Amino acid sequence: RSQRALLASRFGLIVGWAAWLTVVPLRAASVWGAGAADLGLMFSALTCVGLAAAPVGGLLADRLGSRRVALGSSALGALAVMSLPLCRSRASFWASMAVWDVAESAYTAAVSALAAEVTPASWRGSANSLLNQVQDVTFGTMPLALGLLAARVGQGAALLSAAALMLGSSLAF
């Protein structure tokens, strides 16, 4: 059960990354006219936010339990993604993105702790290989799928679909 949860969590994480690459720039351009430099600034600033939040996520996983933090932070991240179609300003967009990044930082710390807890030493190489396969297949398909959805149905539908997949993938915890 725990290994399936780890595989599902990797899928959800990469779905988020696919949305980050394909739909988020389109939405940012639509909401506040973001150009390449604006996106570069936003993504760099959010990386710094995530860098600062990662140790807090690890501490929370140690104190509250990795499964609980993984589930809670996944839900928070999905809610942040769901809020992006509602954003009407640069400030609200950045705020939603910052919440998503903080949640993802806590999530990755919690999932890493869980993987260390539940994966026997004799399986770690195989388990990591399988996680990487899930990551590659997801990253090979989801940017295309989300991009097509954004083009055909709309950015909001693509973001809501990504959020639903992200949230659904964490229910294994």
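Residues numbered from 1 in each chain as written. Predicted model: local features only at pLDDT ≥ 70, side-chain atom pairs only at ≥ 80, totals over all residues. Heavy atoms only, no water.

**Comments concerning the overall build of the protein**
Quick note on the threshold: Helix and strand assignments come from DSSP, with helices taken as H or I runs of at least 4 residues and strands as E runs of at least 2, each series counted from the N terminus. Radius of gyration: C-alpha atoms only; globule rule: 2.2 Å multiplied by the number of residues to the exponent 0.38. Exposure classes here rest on a 1.4 Å probe applied to the protein chains alone. A residue is buried below 20% of its type maximum, exposed above 50%, and partly exposed in between. Calculation of accessible area relied on Shrake-Rupley with a 1.4 Å probe; when residues are assessed, cover is drawn exclusively from the protein chains displayed. His is not counted, nor are the chain ends; Lys and Arg add positive charge and Asp and Glu add negative charge. Taken as the charge location is NZ of Lys, CZ of Arg, CG of Asp or CD of Glu.
Helix and strand content of the protein: six helices and zero strands. In sequence order, the secondary structure elements of the protein are arranged as α-α-α-α-α-α. Taken against the 2.2 N^0.38 rule, which gives 16 Å for 173 residues, the C-alpha radius of gyration of the protein at 16 Å falls within 12% of a compact globule. For the protein, the spread of C-alpha atoms along the principal axes amounts to about 50 × 30 × 25 Å. Looking at the protein as a whole, 43% of its 173 residues are labelled buried. When the accessible surface of the protein is summed, it comes to about 8400 Å², and 67% of that surface belongs to carbon and sulfur atoms. Each charge class in the protein can be summarised by its mean position, and for the 11 positive and 6 negative side chains these summaries are 8 Å apart.

**A word on the packing of aromatic side chains**
Geometrically, a pair of aromatic rings is defined through the distance of the ring centres and the angle of the planes. Filter applied, for reference: What counts as a ring pair is set by centres within 6.5 Å for rings of Phe, Tyr and Trp (its six-membered ring), and what kind of pair is set by the plane angle: stacked under 30 degrees, edge-to-face over 60, tilted for all other angles.
Tallying each qualifying case throughout the model produces three aromatic pairs. Consider the rings of Trp32 and Phe93, whose centres lie 6.3 Å apart with planes at 65°: the pair is edge-to-face. Pair noted here: Trp32 is in helix 1 (residues 2-32) and Phe93 is in helix 4 (residues 90-118), with a separation of 61 residues, a long-range link. Classification of Phe93 as buried rests on a relative accessible area of 0%. Taken together, the ring pairs in this structure connect Trp20, Phe43 and Trp100 into an aromatic cluster.

**Some details on the packing of helix 3 (residues 66-83) against helix 4**
Keep this limit in mind: Fitted lines through C-alpha atoms serve as axes, helices being fitted only where they are in contact, and the angles separating the N-to-C directions of these axes extend from 0 to 180 degrees. Here the angle decides the label: under 35 degrees means roughly parallel, over 145 means roughly antiparallel, 65 to 115 means roughly perpendicular, and every other value means oblique. Handedness of each helix crossing follows the sense of rotation of the near helix against the far helix: counterclockwise by less than a right angle gives left-handed, clockwise gives right-handed. The contact criterion used throughout is that any non-hydrogen atoms of two residues lie within 4.5 Å. Classification used: nonpolar for Ala, Val, Leu, Ile, Met, Phe, Trp, Tyr, Cys and Pro, charged for Asp, Glu, Lys and Arg, polar for all others including Gly.
Closest axis-to-axis distance for the helix 3/helix 4 pair is 8 Å, and the angle between their directions is 155°. Comparing their axes, helix 4 and helix 3 come out roughly antiparallel. Regarding helix 3 and helix 4, the two cross each other, and that crossing is left-handed. On the side of helix 3, the interface is formed by Ser66, Arg67, Val69, Ala70, Ser73, Ser74, Leu76, Gly77, Ala80, Val81 and Ser83, while helix 4 contributes Ser96, Val99, Trp100, Ala103, Ala106, Tyr107, Ala110, Val111, Ala113, Leu114, Glu117 and Val118. A per-class count over the contact of helix 3 with helix 4 returns 15 nonpolar, six polar and two charged.

**Quick notes on the environment of Ala109**
Tracing the sequence through the fold places Ala109 in helix 4. Taking the C-alpha atoms as reference, Ala109 lies 9.8 Å from Ala53; in sequence the two are 56 residues apart. When sequence neighbours within four positions are dropped, the list of residues in contact with Ala109 reads Ala54, Gly57 and Gly58.

**What to know about helix 2 (residues 36-64)**
One turn of an α-helix holds 3.6 residues; hence residues three or four places apart share an orientation. The following threshold applies: Here, expected helix span is obtained from the residue count minus one, scaled by 1.5 Å. Values of bend correspond, residue by residue, to the angle between axes fitted over the seven residues ending at that residue and the seven starting there.
End to end, helix 2 covers 40 Å across 29 residues, agreeing with the expected 42 Å (1.5 Å per residue, within 8%). At Ala53, helix 2 shows its strongest bend, of approximately 30°, with the proline Pro55 following within four residues. Those residues of helix 2 hidden inside the fold are in contact with helix 1, helix 3 and helix 4. Within two residues after helix 2, Gly65 carries a phi angle of roughly 105°, on the positive side.

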